[in-house]
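Listed below, chain by chain, are the residues.
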Amino acid sequence: MSAEAADREAVSGSRPCTPPQTSWFEFLLDPSLLEQHLQSPHPDPSPVQLIIQFLEQASKPSMNEQNQPQPPVDNQRNRTLKLMGLKVAAHLRWDLNALEKGLTTPVLNMLLNELLCVSRVPPGVKHVDLDLAIRTIVLSSFPEKQTKPGPHQLNMMNLVQQEKELTENILNVLREQATDSIMVLEGALSIKKDFYIHTLRTLDLLAAEPSTANGETESSTAGLRVTAQHLHCQVHYDLGGIYFQQGCSDVSLYKNAREHFRMAHELHLKVDYPESLCLDKERLAGYWSACRSLTGSSDSRDGPLSPYGQICSFMRNNNYKALIEEVISDNVTFTLPNSLRHSLQLEMLAKLQQGDKALEEVCLKLCVCNAVRDALEGGIPSLSFHQMLLKPSKETISFLKEVCARSFSQERLSETSNMKESLFIKTICDQLDHVSLALMASSPKPFMDVLDEEVKKVLLEQIRKSSSGFSLCAKPLIRSLDPRQIRQTLVELHGMAERHFWRVNSKWEVPADYLSVILAIKDKLIRDLVYILMAKGLHCINIRDFVHARHLLTACLELVTEFSPKLRQVMLNELLLMEVRAHEVAAANGKTERPPPDLISRVRGYLEMKIHDLPMRQNVGEECVAFMLNWRENEYLTLQVPQSLINNNPYIKIGHLIASTCKELSGHKESKRNAKELWEVMVQICSVSSQHKRSIDGSVSLLKNRESSLGILSRSKFMTFVKKLQEPLVLTTLISLFVRLHGIVRDDIVNEVSAEHISIWPLSLNNLQCVDVEAVGVTLKELVNYALSLNPNNLSWLCTQADLYFVTSQYSAALHYYLQAGMVCSDYFIKPVPPEVYTDQILKRMIKCCSMLNCHTQVAVLCQFLREVDYMTAFKALQEQNSHDSMDSFYDYIWDITILEYLTYIHHKRGESDKSQVAIKAIGQTELNSSNPEEVLQLAAQKRKKRFLQAMAKLYI
């Protein structure tokens, strides 16, 4: 007999000797058993579960002779079950926190109604007519409490819908009675006597005693005593919560809420056993602080305001001087969230724009304070701060120094903080003119004293640089983006000195293709102007400032049109590049309008251009081909582009082949002619030249020269081109091609990588020895990473990435992407993952990943997901004792009874009683009972699948 067969025999033939879970009907047979059960250390079922079971059984409808459901019968059995439910609640000391957490709204409503019934309250009497003594235990049952999913009730087939409707009906009634509830609670605050709430003993007495005329019993003072202070504390807390919620529609109610929260806080400090209150201490403090901020409390009894409350108070009272002081102090304490500080600045700016000119200085100071705070946190100062530094006043510089001196605390000096302060000072100095720089280094002395030596060096070096080199008059030339100002400044500079002013800034660069043409211009002023306008325009394109780029390049175009047709065409080409880039950036930001026909026509014109001796930047042609692919101009690239261009321009050839292949795919054709041509071009790009070398002993070896590519483009240039592509079908096609190529060069049939449209590519290579295997792998990895950076929710790309990590034995990363693929198609596993996504092959790979990570319980759970449960793998995994997952915490996700029984057997065999109990408890869940309808079993499995996959996502994503 095999080991697996022996294990199965052991499971089916024996059960561990552990006490079974006590069933609800046993308490009916032996009433004394209930108190014994509740007094045990870990009662199973728990008290809350018992309440649910008792009330479920007591409220089951009966059937008449016509097999029609009738209301539950009022007999001794049902009355006893309801009373036992109340006894369990009494055992919990009527802890509403526990009851509300564990019971659904319908069950909790049923419990409280039964309490009214056993307290001899006449039917139909509203709670406003009742003696307030019985309201002690229901003070928190208000409509603001959110509903929670609970155990099954009512008809199992329509559980979710019926429970939802029942819950909504109850909450609607409670909302209608909210005003009455508030009135009852307000009235309760005038009561001075103590109360007694039911215990197990008083409920027994109450059930046995006859009702008196006024509805009270002799046992009313035999219960658990609740003092008036205790009651008032709870009532104040609940009333505060009600009024705070209603304050959204009536601001004056926040004052009521504040007073109730203050009283609740004071009473909470006085009452005996405050832990017995249904009151969240931290939430109470938060409520109270919020109310004080919203109402501007100045009551001395409330104590000092929090920093947030002080900010609100300053704003409300227009005390802007104190506001700035608080914000500066916060640069040291870091008490206020940075988001709040920036919101404050935006609010002040909005008031300034509405015409309150007095706030101009406040906005400026807030901007400075926030910039310093951003720098101290390692962030980047805002654009408004940089704009302020363009023309700072003497007062602004002084205030900036003051804030820095008070914020750069000597107490937290470290290498990291020094680096942040140095970077901030350097950023400031880079933008200030020589006068402002001198002010930065001048008095007051404390500013210089607080700076680290390295920071001082940065500041003084910037001042030195500003005073040396060329004349300070050139500063506007470097900063300006206005073509007229640039020209005027150059005219003035040429009148002052004879020099090449295009060299004044080393960051000004024009492409090498254009440099000789520009430097051939004889007029020095025009040469400087053309160079600077083009350099600034290209820089603006790179930083995506297309408005200034258009102004600068258009001005340069107008200038060169007067004397150089060649430079005119160059500028037209660069303007075209700018328009293409601008449209691509807009598309990436969500503006998906197709480019205008004029722009597409100009791109075609550029690709077909034939001008002798015209300097052409390859980058422009590259961008134009990518542009046509991104906007699916496949018709042009496939049929209309001249053959001579395809033969002579590598980018156009690649674009032509990609467009032809995509056109066939989108047309649902399976012609492989164009796909084969594209395949051959890509293979050549990843191939290297090889040569034979004869060794000393006469043997011949094959050497590969990785620096020499046989393709029409080098691999690095091809990848640069690919990273300009954004069209999903284009990227999917290229990924598919390289997945097939990767599979062939790896020659691993078992560990294949999945991709769409993979069937269109060849199955073999003739010149396999010339292909650089490493280059293929790196290219595929870069392709998939780039594609996912554009759309991290593309299902096909996620599966490909997961497979890539799997075949390279990176199992944790593979699980990350397998789970992410499941998430995107199931709304974070709220819906079932489609079977075509989580195929048996992918599930088996996920199982192997977990196994290789020594997460053997996860392996067992995943074995259930297969179309045929893999018991052999599951049992083998559960036999492992060196598991790196949390083992029994995953048992709640197992729905297969065979696996759970095997777990019980294994733990019993090892003497692991605690884990065995967890497995037994999982088996005992009613929804896993094999006699349940198939729909119920399927619902139980789907619920566990969802929760397991969500738990796995938290672990691996």
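Residues numbered from 1 in each chain as written. Predicted model: local features only at pLDDT ≥ 70, side-chain atom pairs only at ≥ 80, totals over all residues. Heavy atoms only, no water.

1. Observations regarding the overall build of the protein
Stage number 1. Helix and strand content of the protein: 46 helices and six strands.
Stage number 2. The proportion of buried residues among the 957 residues of the protein is 46%.
Stage number 3. Here the protein has roughly 49100 Å² of accessible surface; of this, 52% comes from carbon and sulfur atoms. (Helix = DSSP H or I, 4+ residues; strand = E, 2+ residues; numbered from the N terminus. Buried < 20%, exposed > 50% of the residue type's maximum accessible area, 1.4 Å probe, protein only. Areas by Shrake-Rupley, 256 points an atom, 1.4 Å probe, with all protein chains shown as cover.)

2. Some thoughts on the packing of helix H4 (residues 47-58) against helix H5 (residues 76-91)
Stage number 1. Between H4 and H5, the least distance of the axes is 8 Å, while the angle of their chain directions is 160°. As far as their axial angle goes, H5 and H4 are roughly antiparallel. Considering how the two elements wind past one another, H4 and H5 form a crossing that is left-handed. Contact with H4, carried on its side by Pro47, Leu50, Ile51, Phe54, Leu55, Gln57 and Ala58, involves Arg77, Asn78, Leu81, Lys82, Met84, Gly85, Val88 and Ala89 of H5 and no other residues of that element.
Stage number 2. Of the residues belonging to the contact of H4 with H5, the class tally is ten nonpolar, three polar and two charged. (Axes fitted to C-alpha atoms, helices over the stretch in contact; angles between N-to-C directions. Parallel < 35°, antiparallel > 145°, perpendicular 65-115°, else oblique. Left-handed = near helix turned anticlockwise from the far one by under 90°. Contact = heavy atoms within 4.5 Å. Nonpolar A, V, L, I, M, F, W, Y, C, P; charged D, E, K, R; others polar.)

3. With respect to the packing of aromatic side chains
Two measures describe an aromatic ring pair: the distance that separates the ring centres and the angle between the ring planes.
Stage number 1. In total, this model carries 16 aromatic pairs according to the counting rule given.
Stage number 2. Measuring from centroid to centroid gives 5.6 Å for Tyr651 and Phe721, while their planes differ by 50°, and the two rings are tilted. Residue Tyr651 is found in helix H34 (residues 650-666), and its partner Phe721 is found in helix H36 (residues 715-722); the two are separated by 70 residues along the sequence. When sorted by exposure, Tyr651 lands in the same class as Phe721, which is buried.
Stage number 3. Centroid distance Tyr828 to Phe829: 6.1 Å. Interplanar angle 45°. Geometry classified as tilted.
Stage number 4. Judged by relative accessible area, which is 2%, Phe829 ranks as buried. (Phe/Tyr/Trp six-rings, centres within 6.5 Å; stacked < 30°, edge-to-face > 60°.)

4. Here's the deal with helix H46 (residues 934-956)
Stage number 1. Taking 1.5 Å per residue as the helical rise, H46 with its 23 residues ought to reach 33 Å, and the 33 Å between its terminal C-alpha atoms agrees with that figure.
Stage number 2. Buried within H46 are the following residues: Val936, Ala940, Ala941, Arg944, Phe948, Leu949, Gln950, Ala951, Met952, Ala953 and Tyr956.
Stage number 3. Check the buried side of H46 and you find it contacts helix H40 (811-824), helix H41 (840-852) and helix H42 (856-863). (Expected span 1.5 Å × (residues − 1).)

5. With respect to empty space enclosed by the protein
Stage number 1. Going through the model one piece at a time under the given rule, you end up with four cavities of 30 Å³ or more.
Stage number 2. The volume enclosed by the largest cavity comes to roughly 60 Å³.
Stage number 3. Lining the largest cavity we find His856, Thr857, Ala877, Leu878, Glu880, Ser883, Met887, Tyr891, Leu903 and His907.
Stage number 4. Contributing elements (two or more residues each) for the lining of the largest cavity: H42, helix H43 (871-879) and helix H44 (897-910). (1 Å grid on protein atoms, 1.4 Å probe; cavity = no way out; pocket = protein on both sides within 12 Å on 5 of 7 lines; lining within 4 Å. Points joined across faces, edges and corners; volume = space filled by probe spheres on them.)

6. Describing the packing of helix H27 (residues 524-542) against helix H28 (residues 546-561)
Stage number 1. In the contact formed by H27 and H28, the axes pass within 8 Å of each other and the chain directions differ by 155°. With respect to their mutual orientation, H27 and H28 come out roughly antiparallel. With respect to the hand of their crossing, H27 and H28 are arranged in left-handed fashion. Seen from H27, the contacting residues are Ile526, Leu529, Val530, Leu533, Met534, Lys536, Gly537, Cys540 and Ile541; seen from H28, they are Phe546, His548, Ala549, Leu552, Leu553, Ala555, Cys556, Leu559 and Val560.
Stage number 2. In terms of residue class, the contact of H27 with H28 is made up of 15 nonpolar, two polar and one charged.

7. Looking at the pattern of salt bridges
Stage number 1. A full pass over the atoms with the stated rule returns 26 salt bridges.
Stage number 2. The salt bridge partner of Arg581 is Glu623, with a shortest N-O separation of 2.7 Å. Of this pair, Arg581 sits in helix H29 (residues 565-588) while Glu623 is found in helix H31 (residues 618-630), placing the two residues 42 residues apart along the sequence.
Stage number 3. In this structure Glu623 comes out as buried when scored by relative accessible area, which is 7%.
Stage number 4. Close ionic contact of Glu782 with Lys723 constitutes a salt bridge, the shortest N to O distance being 3.7 Å. One end of the pair, Glu782, is in helix H38 (residues 773-790); the other, Lys723, is in the loop between H36 and helix H37 (728-746), and 59 residues separate them in sequence. (Salt bridge = Lys/Arg side-chain N within 4 Å of Asp/Glu carboxyl O.)

8. Let's talk about H4
Stage number 1. Under the 1.5 Å per step criterion, the end-to-end length of H4 is 17 Å for twelve residues, consistent within 8% with the ideal 16 Å.
Stage number 2. Counting buried positions along H4 gives nine out of twelve residues, so the element sits mostly inside the fold.
Stage number 3. Regarding H4, the residues found buried are Pro47, Val48, Leu50, Ile51, Ile52, Phe54, Leu55, Gln57 and Ala58.
Stage number 4. Elements in contact with the buried residues of H4: helix H2 (24-29), helix H3 (32-39), H5, helix H6 (96-102) and helix H7 (105-118).

9. Regarding the side chain of Asp374
Stage number 1. Here Asp374 lies in helix H17 (residues 360-376).
Stage number 2. Each residue touching Asp374, except ones within four places of it in the same chain, is listed here: Asn338, His342, Gly379, Ile380, Pro381 and Ser382.

10. Observations concerning the side chain of Ser480
Stage number 1. By the element assignment, Ser480 lies in the loop between helix H24 (475-479) and helix H25 (483-496).
Stage number 2. Given the relative accessible area of 6%, Ser480 is considered buried.
Stage number 3. Only 3.0 Å separates the side chain of Ser480 from the side chain of Gln485, close enough to count as a polar contact.
Stage number 4. Filtering out sequence-adjacent residues up to four positions away, Ser480 remains in contact with Gln485, Ile486 and Lys536. (Polar contact = N/O pair within 3.5 Å; in protein donor to acceptor, adjacent residues only side chain to side chain.)

11. Let's talk about unusual backbone geometry
Stage number 1. Following Asp44, the chain continues into Pro45 via a peptide bond in cis, with omega recorded as 10°.
Stage number 2. Tracing the sequence through the fold places Pro45 in the loop between H3 and H4.
Stage number 3. Positive phi values are uncommon outside glycine, yet Phe334 reaches one of about 55°.
Stage number 4. Among the structural elements, Phe334 can be located in the loop between helix H15 (320-333) and helix H16 (338-353).
Stage number 5. By relative accessible area, which is 32% here, Phe334 ends up partly exposed.

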